[in-house]
Amino acid sequence: MLRTSASRVLDDSDRDEVLALLDTDPVANVFVASRVRSVGLHPTRLGGQMWGFGPRGALTSLCYAGANLVPVNAGPEAVHAFADRARKQGRRCSSIVGPATAVELLWERLEPYWGRARAIRWSQPVMATSQKSPVPADPLVRRVRPDEFDILLPACVAMFTEEVGVSPNGGDGGALYRTRVAELIRIGRSYARIEDGKVVFKAEIGAVTPQACQVQGVWVDPALRGHGHAVAGMAAVVEAALSCFAPVVSLYVNDFNHPARAVYRKVGFREVDTFMSVLF
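If you're wondering where the values come from, they're calculated on a predicted model, not measured in any experiment.

1. Brief notes about the side chain of Thr129
Right, so step 1: Among the secondary structure elements, Thr129 is positioned in strand E6 (residues 119–129).
Right, so step 2: Since its relative accessible area comes to 7%, Thr129 is described here as buried.
Right, so step 3: A polar contact of 3.2 Å, which involves the side chain of Thr129, links it to the backbone nitrogen of Gln131.
Right, so step 4: Among residues more than four places away in sequence, those in contact with Thr129 are Val238, Leu242, Pro247, Val248, Val249, Gly268 and Phe269.

Next up, the structure:
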């Protein structure tokens, strides 16, 4: 076993150094960077802890430990240090997600203590684009209004359940999930095509930094799939994201979801990295 140095819990005094490290790979790190830029590093605001590996002034790796466990720029020695801290703390996250090599090693260390995962997504291509889509955008895709929350929510729940394999309404009855959906609508990062009070297509911009943003929650009504709504809808979302949020638009997708990957390629996305997710 590798000998490791200990990780440490970071705070707001580390913010500039943390952001500098996150900015070395703005696409892979967009989720964590978005959180830090929005709320800083205090655990109460962050919704978890940020662990650092390396001395102050020379951080080499990070791990966000909140609802998700997310390693950042973590080589084997850092992963072992983060795994030791996670093991001692006990599982508090609903998933481990991030660059595939680091997540696989992290899970190898934690599985004997945390037990079997509900699901493992071994290969999730990270895709990105910085160009307007070569295919026409759906002109009916627009920002969702706050008064349309009750229309959008069932589509969000259906998307989450289909994608993750469990309903977001478990545990707290879906309160936190509903709060997140409402917040994305409120800040103008929820897009949809809505016809006759029903969602045809939807997607959200889940994380935003000055360098990149990340699309999540892409969904088309199952009864309307195969009619081009996903391609045209995603083209509209990319156009809006490039205009309003960041110069690079990214997402990650399960490798076995061939229809989605084909849609994203048509819209102009290209694979730039590979994530892995361990779901509990």
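There's more to say after this.
2. Observations regarding the packing of helix H4 (residues 76–89) against helix H5 (residues 100–114)
Right, so step 1: In the contact formed by H4 and H5, the axes pass within 9 Å of each other and the chain directions differ by 30°. If you check the angle between H4 and H5, you find them roughly parallel. Remark: the crossing between H4 and H5 carries right-handed chirality. Where H4 approaches H5, its residues Pro76, Val79, His80, Phe82, Ala83, Asp84, Ala86 and Arg87 are matched on the opposing element by Ala102, Leu105, Leu106, Arg109, Leu110, Tyr113 and Trp114.
Right, so step 2: For the contact of H4 with H5, the class distribution of residues is 11 nonpolar, one polar and three charged.

3. Points about the UniProt feature "domain: N-acetyltransferase" (unreviewed entry) in the protein chain
Right, so step 1: Listed under "domain: N-acetyltransferase" (unreviewed entry) in the UniProt record, and renumbered for this structure, are residues 139–280.
Right, so step 2: A distance of 39 Å separates the end C-alpha atoms of residues 139–280, which is 38% helix and 29% strand.

4. Some details on the packing of aromatic side chains
Right, so step 1: Under the defined criterion, the tally for this structure stands at eight aromatic pairs.
Right, so step 2: An angle of 75° between the planes, with centres 6.5 Å apart, marks the rings of Phe53 and Phe82 as edge-to-face. Of this pair, Phe53 sits in strand E2 (residues 49–53) while Phe82 sits in helix H4, and the two are 29 residues apart along the sequence.
Right, so step 3: Chaining the aromatic ring pairs together yields one cluster made of Trp51, Phe53 and Phe82.
Right, so step 4: Taking NZ or CZ as reference, Arg85 lies 5.8 Å from the ring centre of Trp51, over its face.
Right, so step 5: Lying across the ring of Tyr113, Arg87 places its NZ or CZ 5.1 Å from the centre.

Rules of the game
Residues numbered from 1 in each chain as written. Predicted model: local features only at pLDDT ≥ 70, side-chain atom pairs only at ≥ 80, totals over all residues. Heavy atoms only, no water. Helix = DSSP H or I, 4+ residues; strand = E, 2+ residues; numbered from the N terminus. Buried < 20%, exposed > 50% of the residue type's maximum accessible area, 1.4 Å probe, protein only. Polar contact = N/O pair within 3.5 Å; in protein donor to acceptor, adjacent residues only side chain to side chain. Contact = heavy atoms within 4.5 Å. Axes fitted to C-alpha atoms, helices over the stretch in contact; angles between N-to-C directions. Parallel < 35°, antiparallel > 145°, perpendicular 65-115°, else oblique. Left-handed = near helix turned anticlockwise from the far one by under 90°. Nonpolar A, V, L, I, M, F, W, Y, C, P; charged D, E, K, R; others polar. UniProt positions renumbered as here; feature names shortened; annotations may be inferred. Phe/Tyr/Trp six-rings, centres within 6.5 Å; stacked < 30°, edge-to-face > 60°. Lys NZ or Arg CZ within 6 Å of the ring centre and 35° of its normal.

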